[in-house]
Amino acid sequence: MAASVGLAACTLVACGGGNEQKAATPCPTTGKQVTFPLLDKSKAYTVDVLTNFGRFDIRLDVRDSPCTTSSFAALVRKGFFDGTRFHRIVPGFVIQGGDPTATGQGGPGYTVQDVPPANATYTRGVVAMAKTNAEPPGTSGSQFFVVTGADAGLPPQYAVLGTVTKGLRVIERIGKLGNPVNERPTRKVVVQRMTVTP
């Protein structure tokens, strides 16, 4: 399943600690059957993303996207994203990463689903999960995008992972490193390390 970002169609597609609950995940998965601990909704979780162009933080939206954020945090703790690249950069729109193959077709081998609120908006600094056009709203694997434009103008179909709370200038800098014609990076942008706290 190829991933692509279409400016005209405004679609984004992709393939697929603490006091977290330790029981089997009540989040059904499609594809590989996996379990992961649910994040505690009473806590604030932050993912620190260190790239070769600087660092930014994502505050996870555990309330609206419990399965998405819990799956993402579990992948972060396994080092899944370390060494991955932002494979798609569309200036004034989004930067997209989370694919271990950097082809737009990779993922963790499973998806989860959190249908976003009907009033979800994708404005500058919002981080959401990419999905294929054929997948239901809120489906997510590991590919994510960060909105760099004022408003991406997307419909509420993409699970909201969170919001950039620190390092927005880094996001904006990375967002300029794309070819608007083929949406490919003009420089290699690598996620050196991701960590999640608490």
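See the structure above.
Only a predicted model underlies this, so the values are computations on that prediction, with no experimental measurement involved. Chains are numbered independently. Their residues run from 1 in the order of the written sequence. In keeping with the model being predicted, local features are shown solely for residues with a pLDDT of at least 70 and side-chain atom pairs are shown and tallied solely at 80 or more, while totals for entire chains, interfaces and linings include all residues. Excluding hydrogens and water, the side-chain values take into account all heavy atoms of the structure.

1. Topic: the side chain of D114
As a reminder, the rule being used: Under the DSSP-based scheme used, a helix requires at least four consecutive residues in state H or I and a strand at least two consecutive residues in state E, with every element numbered from the N terminus. For every residue, the accessible area (1.4 Å probe, protein chains only) is compared with the maximum for its type, and the residue is labelled buried under 20%, exposed over 50%, or partly exposed between those bounds. The positive count covers Lys and Arg only, the negative count covers Asp and Glu only, and His and the chain ends enter neither. Definition used for salt bridges: Asp or Glu carboxyl oxygen within 4 Å of a side-chain nitrogen of Lys or Arg. The definition of a polar contact used here is a pair of N or O atoms within 3.5 Å, where within protein one atom must be able to donate a hydrogen and the other to accept one, and adjacent residues in sequence count solely through side-chain atom pairs. Should any heavy atoms of two residues lie within 4.5 Å, those residues are counted as being in contact.
Along the chain, D114 falls in the loop between strand 8 (110–113) and strand 9 (126–129). Although D114 is buried, it forms no salt bridge, and the closest oppositely charged side chain is K41 at an N-O distance of 8.0 Å. From its side chain, D114 meets the backbone nitrogen of T68 in a polar contact 2.5 Å long. Setting aside anything within four residues of it in sequence, one finds D114 in contact with D64, S65, P66, C67, T68, G138 and A159.

2. A short note on unusual backbone geometry
Going from T197 to P198, the amide bond is cis rather than trans, its omega being 5°. Relative to the helices and strands, P198 is located in the segment after strand 13 (191–197). Unusually for a residue other than glycine, A102 sits at a positive phi of about 60°. For A102, the position within the fold is in the loop between strand 7 (94–97) and strand 8.

3. Things to note about the sheet that holds strand 9
So the rule is basically this: One bridge is not enough; two strands pair if DSSP finds at least two bridges between them. Think of each axis as a best-fit line through the C-alpha atoms, taken over the contacting stretch in the case of a helix, with angles from 0 to 180 degrees between the N-to-C directions.
Taken together, the 8 strands give an open sheet; going across it, the order is 6-7-11-9-12-5-4-13, and neighbouring strands pair in antiparallel fashion. In this open sheet, the two edge strands, each paired with only one partner strand, are strand 6 (88–90) and strand 13. For this sheet, the mean angle separating the axes of adjacent strands, direction not counted, is 25°. Looking at chain direction, strand 9 and strand 11 (residues 144–147) are connected through 3 bridges and run antiparallel. For M129, the partnering residue across the bridge sits in strand 11 and is F144.

4. Observations regarding the pattern of salt bridges
Within the structure shown, the criterion is met by 3 salt bridges. When the shortest N-O distance is used, the salt bridge between D48 and R55 registers 2.6 Å. Under the relative-accessibility criterion, R55 is labelled partly exposed at 39%. Two residues, R88 and E183, come together in a salt bridge whose shortest N-O distance is 3.2 Å. Taken together, the residues R88 in strand 6 and E183 in the loop between helix 2 (168–175) and strand 13 connect sequence positions 95 residues apart. Each member of the pair, R88 as well as E183, carries the same accessibility label: buried.

5. A short note on the pairing of strand 9
Of the two faces of strand 9, the one carrying V126 and A128 and the one carrying V127 and M129 are both buried. Here strand 9 pairs with strand 12 (residues 160–166) via 3 bridges, running antiparallel. The residue of strand 12 that forms the bridge with V127 is G162.

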